[in-house]
Amino acid sequence: MTEWSMLTLVGEDRPGIVAKVTDALYKAGCTLGEASMIRLGGNFTIMMMVSGGVCPRDLEEVLSPVAAALGLRVHLDSVDGGLHRHLTPNVQVRVVGADRAGIVAKVTGALAAVGFNILELESDVAGDRRQPVYIMNIQGYSNATIEALEQAVAGLGADGIAVDVAPVETLIG
Amino acid sequence: MAILDVLTLPDPRLRQASQPVTRFDEELRAFIDDLDETRRVGPAAVGIAAPQVGRFQRIAIVDVSAKKGIASHGFLVLVNPEITHWEGFEIGREGCLSVPDFTGNVIRATRIRLGARDPLGEPVELEMEGFEARAVQHEIDHLDGLLFVDRVVSRRTDLFRRKVYQTGRGPV
């Protein structure tokens, strides 16, 4: 069984981060698995499954020149995990509200209470500085019906948070 | 009837454009039966296209009637299909018999009109929307050597999408 490490890299965004990091890993004989890479608040963030080659013992050493050159902070965890363990989401939850503390906690708390499993969550602050708007898109898996999930988040409307629960029908063709 | 082998990525044959059907004979109809039997085994596919089983002719089957609560035309065999009108677009999640263990979000037209032939060669005109229209667009892509992975968009994309309706133009 393949041993995977979860590699986290964070630093100020600039062109070439992915190319230089993955080139260093490739030259060190590493294999990449699933990854999430996204710009958040002007930083570029990478979370990536890595195995083989110098992993995990000498991985940080191999990455240290490129991390120093690009100003990236590196974190490494050995993880139990593997490829081909996808869960397909069957529910999408979209949230929009005036940005204020507690939106994520309230929405996800209501969903967790009915056993909703978040597979993916992306959130962003839109609007302008005077009137920021919090926008969140959750994809997850739930055995509860759409009606039960709507019921679970129904009380949030009173807090000025619009929550839309919709089924995700995955088309196989 | 027979269950046919399904080509899967990275098989380059899936990238090949298929040719129009010119002979509407018993051999064609027997193949369509096999193609549908292949669709029905394994993961519940709502559609299948001939090139997915290595026959590079413009033949697709779509049947979304197993999905509850949506409008559909039932079991459809589309030979030489051609979409003549697109309207609206929306994001939906797709997977594919030819792309195991991956699903992704794809933008498709919400409503389409199309012309095709049935297995006897008779012309048919159809108008459809939603899930059924999505399935037909997915299958017709196969006939042009395209897979849904060629059209996957970031999940983040739909945070910024607004519904825009255009008539007489393809999805952007």
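Structure's up top.
Residues numbered from 1 in each chain as written. Chains lettered and ligands numbered in written order. Predicted model: local features only at pLDDT ≥ 70, side-chain atom pairs only at ≥ 80, totals over all residues.

Asker: Got a sec to walk through the overall build of chain A? Specific residues and values, please.
Answerer: Tallying secondary structure elements over chain A gives 4 helices and 9 strands in all. Ordered by position from N to C terminus, the α and β elements of chain A give β-α-β-β-α-β-β-α-β-β-α-β-β. For chain A, the C-alpha radius of gyration of 20 Å lies well beyond 16 Å, the compact-globule estimate for 173 residues. In terms of overall dimensions, chain A has C-alpha extents of about 55 × 45 × 30 Å along its principal axes. Here the contacts in chain A between residues at least 6 apart in sequence split such that 67% fall between residues at least 24 apart. (Helix = DSSP H or I, 4+ residues; strand = E, 2+ residues; numbered from the N terminus. Rg over C-alpha atoms; globule rule 2.2 N^0.38 Å. Contact = placed C-beta atoms within 7 Å.)

Asker: Could you give an account of the sheet that holds strand 4 (residues 73–79) of chain A, naming the residues involved and the relevant values?
Answerer: Residue and element names in this part refer to chain A. In space, the 4 strands of this open sheet follow the order 2-3-1-4, with antiparallel pairing throughout. A strand with exactly one partner marks an edge of an open sheet, and here the two such strands are strand 2 (31–40) and strand 4. Sheet twist, expressed as the average angle between the axes of neighbouring strands with direction ignored, equals 15°. Note that strand 1 (residues 4–12) and strand 3 (residues 43–51) share 8 bridges and pair antiparallel. Residue pairing in the sheet places Met6 in a bridge with Met49 of strand 3. Here helix 2 (residues 59–70) sits on the sheet and contacts strand 1, strand 3 and strand 4; the angle it forms with strand 4, its principal contact strand, is near 155°. (Pairing = 2+ DSSP bridges. Axes fitted to C-alpha atoms, helices over the stretch in contact; angles between N-to-C directions.)

Asker: Outline unusual backbone geometry, supporting the account with residue identities and numerical values.
Answerer: With an omega dihedral of -15°, the bond running from Cys55 of chain A to Pro56 of chain A counts as a cis peptide bond. For Pro56 of chain A, the location among the structural elements is in the loop between strand 3 and helix 2. Note that the residue after Leu9 of chain B, namely Pro10 of chain B, is joined by a cis bond; omega there is 5°. Considering the arrangement of structural elements, one finds Pro10 of chain B in the segment before helix 1 (26–40). The backbone of His84 of chain A sits at a positive phi, close to 60°, despite the residue not being glycine. Mapped onto the fold, His84 of chain A is located in the loop between strand 4 and strand 5 (91–98). Using a count of 8 C-beta atoms within 10 Å as the deciding quantity, one classes His84 of chain A as exposed. (Buried ≥ 20, exposed ≤ 12 C-beta atoms within 10 Å, placed from the backbone.)

Asker: Residues and numbers for the nonpolar core, please.
Answerer: Grouped burial of nonpolar side chains is what soluble globular proteins tend to show. Ranked by internal contacts, the top residues of the largest apolar core, which has 34 residues, are Val46, Ala60, Ile61, Val62, Leu78, Ile112 and Val136 of chain B. Sorting the residues of this core by element identifies strand 9 (171–172) of chain A together with strand 1 (47–49), strand 2 (59–62), strand 3 (76–96), strand 4 (99–117) and helix 2 (130–143) of chain B as the ones contributing at least two each. Broken down by element, this core gets its largest block of residues, 6 residues, from strand 3 of chain B. In terms of nonpolar packing, the next biggest core, distinct from the first, is built from 16 residues, Val91, Val107, Leu111 and Ile161 of chain A among them. (Core = buried A, V, L, I, M, F, W, Y, C linked by C-beta atoms within 7 Å.)

Asker: Please give an account of helix 2 of chain B that cites residues and values.
Answerer: Here helix 2 of chain B is 14 residues long and its end C-alpha atoms lie 21 Å apart, about the 20 Å a rise of 1.5 Å per residue gives. Of all 14 residues in helix 2 of chain B, 12 are buried, a share of seventy percent or more. The set of residues buried in helix 2 of chain B consists of Glu132, Ala133, Arg134, Ala135, Val136, Gln137, His138, Glu139, Ile140, Asp141, His142 and Leu143 of chain B. Buried residues along helix 2 of chain B sit in contact with strand 9 of chain A together with strand 1, strand 2, strand 3, strand 4 and strand 5 (123–129) of chain B. Positive phi appears at Gly145 of chain B, one or two residues downstream of helix 2 of chain B, with a value of about 75°. (Expected span 1.5 Å × (residues − 1).)

Asker: Pulling in residues and values, what's your account of the interface of chain B and chain A?
Answerer: Taken together, the 23 residues of chain B in the interface contact 15 residues of chain A. Only strand 1, strand 3, strand 4 and helix 2 of chain B provide two or more residues apiece to the side of chain B that touches chain A. For the side of chain B that touches chain A, the per-class residue count stands at 10 nonpolar, 5 polar and 8 charged. In the sheet, strand 9 of chain A pairs with strand 3 of chain B via 2 bridges, with the strands oriented parallel. Bridge assignment links Ile172 of chain A to a residue of strand 3 of chain B, and that residue is Gly95 of chain B. (Nonpolar A, V, L, I, M, F, W, Y, C, P; charged D, E, K, R; others polar.)

Asker: Give me the lowdown on the pairing of strand 4 of chain A, citing residues and values where you can.
Answerer: All names here are of chain A. With 0 of 7 residues buried, strand 4 is to be regarded as a mostly surface element. Bridge count between strand 1 and strand 4: 7 bridges; the pairing is antiparallel. Along strand 4, the bridge assignment pairs Met6 with Asp77.

Asker: An account of the sheet that holds strand 5 of chain A is needed here, citing residue identities and associated values.
Answerer: Residue and element names in this part refer to chain A. Across the sheet, which stays open at both edges, the 4 strands sit in the order 6-7-5-8 with antiparallel pairing between neighbours. Each having just a single partner strand, strand 6 (117–127) and strand 8 (161–167) make up the two edges of the open sheet. Across the sheet, the mean angle from the axis of one strand to that of its neighbour is 15°, orientation sign disregarded. Sheet topology note: the strand 5/strand 7 (residues 132–141) ladder contains 8 bridges and is antiparallel. Paired with Arg94 across the two strands is Asn137, which belongs to strand 7. Helix 4 (residues 146–153) contacts strand 5 and strand 8 of the sheet and is inclined by roughly 170° relative to strand 8.

Asker: Summarise the environment of Glu125 of chain B; cite the residues concerned and give the values.
Answerer: For Glu125 of chain B, the position within the fold is in strand 5. Sequence separation between Glu125 of chain B and Leu35 of chain B is 90 residues, and the spatial gap between their C-alpha atoms is 22 Å.

Asker: Can you explain the pairing of strand 3 of chain A? Please cite residues and give values.
Answerer: Residue and element names in this part refer to chain A. The sheet contact formed by strand 2 and strand 3 spans 8 bridges and is antiparallel. Bridged to Met37 within strand 3 is Ile46. Here strand 2 folds back onto strand 3 in antiparallel fashion, the turn holding 2 residues, of which Gly41 has a positive phi close to 55°.

Such coordinate-based values are descriptive only and should not be taken to indicate function.
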